[in-house]
Amino acid sequence: VSSHDTEVQIQNLSFFYGSHQVLRNVSIDVPKDQVTALIGPSGCGKTTLLRCLNRMHDLYPGNRYEGSVKLQPEGTDILGPGMDPIQVRMRLGMVFQKPNPFPKSIYENVSYGLRLQGMNNRRDLDERVEKALREAALWDEVKSRLHGLAHNLSGGQQQRLCIARAIATDPDVVLFDEPTSALDPIATSKIEELIVELKKRVTVCIVTGKQIGR
């Protein structure tokens, strides 16, 4: 894959929980605007790798990275000194195994990252929240209760809300950690269809136990 077609370039990445090494010299090119699936047995480091890509491990003391993770085409090393992990998470959004909406309204969940970026104009926020909810195939189900609590949604709706929250900030990449493992078959099908749609405008990297449709 040429650098022009690569979104994320992982080079010689090693990761340590304290003195315990979990990843050893991993090198992968994640192609732009495609779905890249990380598949392997439980405990082989798939989720650990995914969490390296948006600096989630920074939330816990004693963790350490070696190597580089570069965003193309500019070659910014997101593990480099001086990189703000919050800014990294804006560019590489993450959706977790279990839905984890904030204890806020549906609207506030989606607008959270936009406010962090400094967007405060209500009309702009309204437009971006609606756009993200539409792209997450959730707008029609929640448009009449945007200011209701996110935790009142079903599990599948909560997961689509988390996807809307992740894509609202216009990230380069969306990372999914087994996003359907806690959902029923119908909700799973909706999320899988959504991931296939998302790759038309954003790069997707997913940890999964099964193949996602083309």
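Residues numbered from 1 in each chain as written. Predicted model: local features only at pLDDT ≥ 70, side-chain atom pairs only at ≥ 80, totals over all residues. Heavy atoms only, no water.

Engineer: Honestly, the side chain of Arg165 in this entry has me stumped. Any pointers?
Structural biologist: By the element assignment, Arg165 lies in helix 6 (residues 155-167). One buried charge, Arg165, has no salt-bridge partner; the nearest side chain with opposite charge is Glu108, at 11 Å. Contact partners of Arg165, with chain neighbours within four places excluded, come to Asn100, Pro101, Phe102, Asn109 and Val110. (Helix = DSSP H or I, 4+ residues; strand = E, 2+ residues; numbered from the N terminus. Buried < 20%, exposed > 50% of the residue type's maximum accessible area, 1.4 Å probe, protein only. Lys, Arg positive; Asp, Glu negative; His and termini not counted. Salt bridge = Lys/Arg side-chain N within 4 Å of Asp/Glu carboxyl O. Contact = heavy atoms within 4.5 Å.)

Engineer: Would you mind showing me how to read the pairing of strand 4 (residues 63-71) here?
Structural biologist: For a regular strand, side chains alternate in direction, first toward one face of the sheet and then toward the other. For strand 1 (residues 6-17) and strand 4, the ladder comprises eight bridges, and the chain directions are antiparallel. In the sheet register, Phe15 faces strand 4, and the bridge partner there is Tyr65. Bridge count between strand 4 and strand 5 (residues 76-77): two bridges; the pairing is antiparallel. Counterpart to Leu71 in the pairing with strand 5 is Thr76. Linking strand 4 to strand 5, which pair antiparallel, is a turn of four residues; within it Gly75 sits at a positive phi near 80°. (Pairing = 2+ DSSP bridges.)

Engineer: Would you take a moment to explain the environment of Val129 for this structure?
Structural biologist: Within the secondary structure, Val129 sits in helix 4 (residues 122-135). Along the chain, Val129 and Ala166 lie 37 residues apart, while their C-alpha atoms are 11 Å from each other. Those residues in contact with Val129 that sit more than four places away from it in its chain are Tyr107, Val110 and Ser111.

Engineer: Mind showing me how you'd approach the nonpolar core here?
Structural biologist: As a rule of thumb, soluble globular proteins bury nonpolar side chains together. One finds Ile106, Val110, Leu133, Leu161, Ile163, Phe176 and Leu198 to be the most contacted residues of the largest nonpolar core, which totals 35 residues. Where this core is concerned, the elements lending two or more residues are helix 3 (106-116), helix 4, helix 5 (139-142), helix 6, strand 7 (173-177), helix 7 (185-198) and strand 8 (203-207). Ranked by the residues each element gives to this core, the list is headed by helix 6, at six residues. Setting aside residues up to four positions removed in sequence, Ile106 forms contacts with Leu133, Val142, Arg145, Leu146, Gly148, Ala150, Leu153 and Leu161. Among the nonpolar cores identified, the runner-up in size contains 25 residues, and Leu38, Leu49, Leu50 and Leu79 belong to it. (Core = buried A, V, L, I, M, F, W, Y, C linked by side-chain atoms within 4.5 Å.)

Engineer: For this particular structure, what's the right way to read the sheet that holds strand 6 (residues 92-95)?
Structural biologist: What links the strands of a sheet is backbone hydrogen bonding, and the strands pair in either a parallel or an antiparallel sense. Sheet architecture is open: four strands sit in the order 3-8-7-6, paired in parallel fashion. Among the strands making up the open sheet, the edge pair consists of strand 3 (35-38) and strand 6. Taken over all neighbouring pairs, the strand axes of this sheet differ in orientation by 20° on average, direction set aside. Sheet topology note: the strand 6/strand 7 ladder contains four bridges and is parallel. Counterpart to Met94 in the pairing with strand 7 is Leu175. In the packing of helix 1 (residues 46-53) onto the sheet, the strands contacted are strand 3, strand 6, strand 7 and strand 8, and the crossing angle to strand 7 comes to about 150°. Here helix 7 sits on the sheet in contact with strand 3, strand 7 and strand 8, set at roughly 145° to strand 8. (Axes fitted to C-alpha atoms, helices over the stretch in contact; angles between N-to-C directions.)

Engineer: I tried to follow the sheet that holds strand 2 (residues 20-31) on my own but got confused; where do I start?
Structural biologist: Ordered in space as 2-1-4-5, the four strands form an open sheet in which the pairing is antiparallel. Edge positions in the sheet fall to strand 2 and strand 5, since each has one partner strand and no second. Where strand 1 and strand 2 come together, eight bridges link them in antiparallel fashion. Within strand 2, the position partnered with Val8 by the bridge is Val30. Its contacts with the sheet put helix 1 on strand 1, strand 2 and strand 4, and the angle it makes with strand 1 is roughly 115°.

Engineer: What is the right way to read a nonpolar patch on the surface from this model?
Structural biologist: A cluster of nonpolar side chains, Ile86, Tyr112 and Leu116, forms an exposed patch at the surface whose accessible area comes to about 270 Å². Following the sequence through the fold, Tyr112 ends up in helix 3. Given a relative accessible area of 38%, Tyr112 falls into the partly exposed group. (Patch = residues over 30% accessible without salt bridge, like charges linked within 9 Å, V, L, I, M, F, W, Y side chains within 5 Å. Areas by Shrake-Rupley, 256 points an atom, 1.4 Å probe, with all protein chains shown as cover.)

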